[in-house]
Protein chains: 2
Amino acid sequence: MRSTIKDVAQLANVSTATVSNVHTGAKNVSEELRTRILWAMEVLGYEPNVVARSLKINKTFRIGIIVPDITNPFFSEIVKEIDTAVSKKNYQLVLFSSDYDVKKEFQFYASLVMGNGVDGLIMVAPRMEESQFKLNRSIPLLVVDRPAFFDGISDIAFVYADNYAGAFLMASLLLKKKYKRFACIAGPETVPNANARYEGFKAKLTEAGYSSNEIEVIRREFSFIDGYEAMMKLLEGYDPAKQKMAVFACSDISAWGAIEAVNSKGLMIPEDIGIAGYDNIYFAKFIQKGLTTIENPTKDMGGEAGELMLERLSNNRPFESSPVILESSLKERETV
Amino acid sequence: MRSTIKDVAQLANVSTATVSNVHTGAKNVSEELRTRILWAMEVLGYEPNVVARSLKINKTFRIGIIVPDITNPFFSEIVKEIDTAVSKKNYQLVLFSSDYDVKKEFQFYASLVMGNGVDGLIMVAPRMEESQFKLNRSIPLLVVDRPAFFDGISDIAFVYADNYAGAFLMASLLLKKKYKRFACIAGPETVPNANARYEGFKAKLTEAGYSSNEIEVIRREFSFIDGYEAMMKLLEGYDPAKQKMAVFACSDISAWGAIEAVNSKGLMIPEDIGIAGYDNIYFAKFIQKGLTTIENPTKDMGGEAGELMLERLSNNRPFESSPVILESSLKERETV
DNA sequence: ATGAAAGCGCTAACAC
DNA sequence: GTGTTAGCGCTTTCAT
């Protein structure tokens, strides 16, 4: 059986309060008792029970984090940054992978938000409807990589990048490169940022005189295989000699899939077709000699998110800040 | 303030024991009381406090997991599999990324293993010395992707693949393909499986008549950039016309880096040089039209690990099983 | 079937 | 500076 604070107190001939004081440092303890207590702890191999402590002080030093898919480099990079930030203050991360499933996502969210298993919750690129965020909550909620929404929801914060602007930038580049035909492999309509990217892309093109229905759009999941399949469809009857096409895949992972599809057809990039991505994941610079993409500031998002949550948890005052909106920028490489 | 079991009991005019019984289902409760209690819960928005519950029943339904780097696809794939397995029984994963740092790894391990924050601990590809595992432990430990060691350590289990055999397989293929010159970009010497791969590779080559010092070896971290740099070094003064080389990079991620190095020099794969990897990460089939590699059974390892831990936690009897050793197989593709 | 009450291991008033 | 003790919110034995 593991030894408790009582055992230590008994062996050291002191009260449990004094034992508690030596490892919380809440009060001063005389040198004599301190050494005796330390000795007793050593002898008994005592480690404080964190569960009991949590119950008493009503704090777990744990933060929940929900991501759509931990194997997606974009998300794992964010998780890593957040982890780095919060572990400096000894917070732990409880990880949930929702598998892009809104139902699961909501389940995790609901169970975390009501119980007291964690001190705070971070949701990365959540897909739930806005109304679902209205659950009565006892812990702060931080939403990363999704535009802010305001509905009288309290103790909520947002960190995200301007995806509309990012996609706008990409369209500008494509125009500059003299492309005349455009396609967009967009993300699911349930993902706000997927829409922002598509809209930003369309906006620039419209500004340049193209009409909406001139832009082919295929909506798929943000995944390698979906990018591949979407591109295969786009390539049906495609003849680069007639009219060269630029396709904007709205995530690097689907751009990568798209590139493989093009390669499998024996077409050259960018000679026969241009491909652009979005996110600038770590691997992007190695895909097809360098994928042209938009820098989605992963590190900044993760870092900001971690710091924000830490701050919220230490001063213990509900979030009130305005959303943190980060800049996106163009990473021009070889695929366009 | 959040409502407690007491509030519910009061409102429903019953004892706390009865309230407890309705959501644990430990005892039967009459239909009348049950409905009244359910109603009271509803009214108060009651959610049981999981921390208090944990303290009482001495169980957290949480499993700690320590990986070297969550952004490495190999590890994130394992984490995902484990998560899938354990979440079926409502266990949560507390994630730690050690950053390939043995000190950090040991810290996490020590703090988890002594306290009661988690019911069990899974370590993926740990780098600690065997002696460090001898800490007095109150929870079961499961080591994944590292060969078993036996030192009278109790309540420990192992799930891993035979890396020696895998690397042996790769050497056989390279021999069959008529390569005459061999190099190995091996992992750190502190990683048992890195050594197993190098040894297995060497063993087959030795068997075929090559001597140890004919095999160039560079030891680096398992990362993209390390693979890149190692290959750059290997390429100094390299002339494919004289003698074509096969290089076995001991992880897909470093093989990928190596490939980029080769590409940057304008050499052709596999015409000018052969490159092989190890792990068969998801992306492997898309690297350079398909990276020839060894299937490291990620899914099986993750699944087995999850199930094993679940079983251990439910029957509550210390691990005693012999190590689970999985098969590796060759994935022959285009780079060799 | 239901309730009273002890107690999981700890912290923090409060008293000395 | 040190000890006593109530109590965090829950489960569970033991009466009834």
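Residues numbered from 1 in each chain as written. Chains lettered and ligands numbered in written order. Predicted model: local features only at pLDDT ≥ 70, side-chain atom pairs only at ≥ 80, totals over all residues. Heavy atoms only, no water.

J.: Quick one: what's the story with the protein's contact with DNA strand C, residue by residue and with numbers?
T.: Neighbouring residues of DNA strand C: 26 residues in total, closest A:Ile5, A:Ser20, A:Lys27, A:Tyr46 and B:Ser30. Protein-proximal atoms of DNA strand C, defined as those within 4 Å of the protein, fall in sugar or phosphate at a share of 67%. Contacts to DNA strand C include B:Ser15, whose backbone N or O atom sits 3.0 Å from a phosphate oxygen. Measuring from a phosphate oxygen of DNA strand C, one finds a side-chain N or O atom of B:Thr18 at 2.9 Å. (Near = heavy atom within 4 Å. Polar contact = N/O pair within 3.5 Å; in protein donor to acceptor, adjacent residues only side chain to side chain.)

J.: Tell me about the domain arrangement of chain A, and name the residues and values.
T.: Taken as a whole, chain A is organised into domain 1 (5–48), domain 2 (59–161 + 298–326) and domain 3 (163–295). With centres defined by C-alpha atoms, the gap from domain 1 of chain A to domain 3 of chain A works out at 64 Å. (Domains from an automatic or database assignment.)

J.: Tell me what's going on with the relation of the copies chain B and chain A, and back it up with residues and numbers.
T.: Here the two chain copies are tied together by a rotation about an axis and a shift along that axis. Overlaying chain B with chain A gives an RMSD of 0.1 Å, the required rotation being 180° about an axis along which the chain moves by 0.0 Å. What the rotation and shift describe, once combined, is the action of a two-fold rotation axis. Residue B:Val94, judged by its C-alpha, is the member of chain B lying nearest the rotation axis, at 2.2 Å. Both copies present the same face, since 100% of the interface residues in chain B are matched by interface residues at the equivalent positions in chain A. (Least-squares fit on C-alpha atoms with pLDDT ≥ 70 in both. Contact = heavy atoms within 4.5 Å.)

J.: Describe the protein's contact with DNA strand D, and please don't skip the residues or the numbers.
T.: In the vicinity of DNA strand D, 29 residues are found, and the nearest of them are A:Ser30, B:Ile5, B:Ser20, B:Tyr46 and B:Arg53. Each atom of DNA strand D within 4 Å of the protein belongs either to a base or to sugar and phosphate, the latter forming 62%. A distance of 2.9 Å is found between a phosphate oxygen of DNA strand D and a side-chain nitrogen or oxygen belonging to A:Thr18. A distance of 2.8 Å separates a phosphate oxygen of DNA strand D from a polar side-chain atom of B:Arg53. Of all the secondary structure elements, the ones that give two or more residues to the surface near DNA strand D are helix 2 (16–24) and helix 4 (50–57) of chain A together with helix 2 (16–24) and helix 4 (50–57) of chain B. (Helix = DSSP H or I, 4+ residues; strand = E, 2+ residues; numbered from the N terminus.)

J.: Got a sec to walk through the packing of helix 7 (residues 163–176) of chain A against helix 8 (residues 192–207) of chain A? Specific residues and values, please.
T.: Residues and elements named next belong to chain A. With their axes 7 Å apart at the nearest point, helix 7 and helix 8 run at an angle of 40° to one another. Overall, the two elements helix 7 and helix 8 adopt an arrangement that is oblique. Between helix 7 and helix 8 the crossing geometry is right-handed. In contact with Asn-163, Tyr-164, Ala-167, Phe-168, Ala-171, Ser-172, Leu-174 and Leu-175 of helix 7, helix 8 contributes Asn-193, Ala-196, Arg-197, Glu-199, Gly-200, Phe-201, Ala-203, Lys-204, Leu-205 and Glu-207. Taken together, the residues of the contact of helix 7 with helix 8 sort by class into ten nonpolar, four polar and four charged. (Axes fitted to C-alpha atoms, helices over the stretch in contact; angles between N-to-C directions. Parallel < 35°, antiparallel > 145°, perpendicular 65-115°, else oblique. Left-handed = near helix turned anticlockwise from the far one by under 90°. Nonpolar A, V, L, I, M, F, W, Y, C, P; charged D, E, K, R; others polar.)

J.: For the pairing of strand 1 (residues 62–67) of chain B, give the residues involved together with the corresponding values.
T.: All names here are of chain B. For strand 1, the buried fraction is high: six of the six residues fall into the buried class. Across the two faces of strand 1 the burial is the same, with Arg-62, Gly-64 and Ile-66 and Ile-63, Ile-65 and Val-67 all buried. Two elements, strand 1 and strand 2 (residues 92–97), share six bridges in a ladder whose sense is parallel. Each bridged residue has a counterpart across the sheet, and for Gly-64 the counterpart in strand 2 is Val-94. As a crossover connection, the stretch from strand 1 through helix 5 (residues 73–87) into strand 2 is right-handed. In terms of strand pairing, strand 1 meets strand 3 (residues 120–124) through four bridges, oriented parallel. Among the inter-strand pairings, Ile-66 is bridged to a residue of strand 3, identified as Met-123. (Buried < 20%, exposed > 50% of the residue type's maximum accessible area, 1.4 Å probe, protein only. Pairing = 2+ DSSP bridges. Right-handed = clockwise from strand over helix to strand, strands pointing away.)

J.: Run through helix 7 (residues 163–176) of chain B, naming residues and quoting values.
T.: Residue and element names in this part refer to chain B. When the terminal C-alpha atoms of helix 7 are compared, their 20 Å separation across 14 residues agrees well with the 20 Å that a helix rising 1.5 Å per residue should span. When we look at burial in helix 7, the residues that qualify are Asn-163, Gly-166, Ala-167, Met-170, Ala-171, Leu-173, Leu-174 and Leu-175. Taking the backbone nitrogen of Tyr-164 as reference, a side-chain oxygen 3.3 Å away marks Asp-162 as the first, capping residue of helix 7. Looking one or two places after helix 7, you find Lys-178, whose phi comes out positive at around 70°. (Expected span 1.5 Å × (residues − 1).)

J.: Please give an account of the interface of chain B and chain A that cites residues and values.
T.: Counting residues at the interface gives 44 residues for chain B and 44 residues for chain A. Roughly 3,800 Å² of surface becomes buried between chain B and chain A when both sides are summed, with 64% attributable to carbon and sulfur atoms. Linking chain B with chain A are two salt bridges, by the criterion used here. Residues A:Asp69 and B:Lys80 are paired through a salt bridge, measuring 3.2 Å at the closest nitrogen-oxygen approach. Those elements that place two or more of their residues in the side of chain B that touches chain A are helix 4, helix 5, strand 2, helix 6 (102–114), helix 9 (224–235) and helix 10 (252–264) of chain B. In terms of residue class, the side of chain B that touches chain A is built from 21 nonpolar, 13 polar and ten charged. Direction of pairing for strand 2 (residues 92–97) of chain A relative to strand 2 of chain B: antiparallel, over a ladder of three bridges. If you follow A:Leu93 over to strand 2 of chain B, its bridge partner there is B:Leu95. (Buried area = accessible area lost by both parts, 1.4 Å probe. Salt bridge = Lys/Arg side-chain N within 4 Å of Asp/Glu carboxyl O.)

J.: Which residues make up the sheet that holds strand 7 (residues 216–219) of chain A, and what values do they have?
T.: Residue and element names in this part refer to chain A. Strand order in this open sheet of four strands is 7-6-8-9, and the pairing throughout is parallel. Each edge of the sheet is formed by a strand with only one pairing partner; in this case those strands are strand 7 and strand 9 (273–276). Looking at each pair of strands side by side, their axes are set apart by 15° on average, direction ignored. The pairing of strand 8 (residues 245–249) with strand 9 spans four bridges and is parallel. Considered in strand 9, the bridge of Met-245 is made with Ile-273. Running over the sheet, helix 7 touches strand 6 (181–186), strand 8 and strand 9 and is turned about 165° from strand 8.

J.: Give a detailed account of helix 4 of chain A, specifying residues and quantitative values.
T.: Backbone nitrogen of A:Val51 and a side-chain oxygen of the N-cap are separated by 2.8 Å at the start of helix 4 of chain A; the cap is A:Asn49. Immediately beyond the C-terminal end of helix 4 of chain A, within one or two residues, lies A:Asn58, with a positive phi of roughly 60°.

J.: Requested: an account of the side chain of B:Glu260, with residues and values cited.
T.: With respect to the element layout, B:Glu260 can be found in helix 10. Buried charge without a salt bridge: B:Glu260, with A:Lys289 as the nearest opposite-charge side chain at an N-O distance of 5.9 Å. When residues no more than four places from it in sequence are discounted, the contact partners of B:Glu260 are A:Phe286, B:Phe224 and B:Tyr228. (Lys, Arg positive; Asp, Glu negative; His and termini not counted.)

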